[in-house]
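Now for the letters of each chain:
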Amino acid sequence: KRSRRRHTQEQRARASERERDAKMAPQWVKEYVDKHQLQQMFEEAANAVVKARAEEPAAFLVEYFQKKQKEAQEALLQQAAA
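Residues numbered from 1 in each chain as written. Predicted model: local features only at pLDDT ≥ 70, side-chain atom pairs only at ≥ 80, totals over all residues. Heavy atoms only, no water.

Draft legend 1. Fine view of the overall build of the protein. Scanning the protein from N- to C-terminus turns up 4 helices and 0 strands. Reading the helices (α) and strands (β) of the protein from amino to carboxyl end gives α-α-α-α. Here the C-alpha coordinates of the protein stretch approximately 55 × 35 × 20 Å along the principal axes. Total accessible area computed for the protein in this model is approximately 7,900 Å², and 52% of it derives from carbon and sulfur atoms. (Helix = DSSP H or I, 4+ residues; strand = E, 2+ residues; numbered from the N terminus. Areas by Shrake-Rupley, 256 points an atom, 1.4 Å probe, with all protein chains shown as cover.)

Below, the structure written as structure tokens:
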């Protein structure tokens, strides 16, 4: 129970730090992050690397983002062709 409780406390502390940092960020930073959905993008990438239990997380993330970039380019081409 102690380690679970400590883990929960650490999660709350990290969440509070993120909230504080978000309040301190300049408005343009918030707008940029929202416009490009960066928080969601990085959460999805983190979830994917953990789910894959990648031996080399950095290499996994490089491939992950390359795949995402290719998918985005293909979607743009499809839109342009429509």
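Draft legend 2. Here's a closer look at unusual backbone geometry. If you check the backbone angles, Q37 has positive phi at about 50° while not being a glycine. Relative to the helices and strands, Q37 is located in the loop between α2 (27–35) and α3 (38–52). Even without being glycine, R53 reaches a positive phi, approximately 50°. Within the element layout of this structure, R53 appears in the loop between α3 and α4 (57–81).

Draft legend 3. Here's a closer look at the packing of aromatic side chains. Applying the stated criterion to the full structure yields 3 aromatic pairs. Here the aromatic rings of F42 and F65 are separated by 6.0 Å at their centres, their planes lie at 70°, and the arrangement is edge-to-face. In this pair, F42 sits in helix α3 while F65 sits in helix α4, placing the two residues 23 residues apart along the sequence. Taking the relative accessible area as the measure of exposure, F65 reaches 26% and is therefore partly exposed. Look at F60 and Y64: their rings are 6.4 Å apart centre to centre, the planes differ by 20°, and that puts the pair in the stacked class. (Phe/Tyr/Trp six-rings, centres within 6.5 Å; stacked < 30°, edge-to-face > 60°. Buried < 20%, exposed > 50% of the residue type's maximum accessible area, 1.4 Å probe, protein only.)

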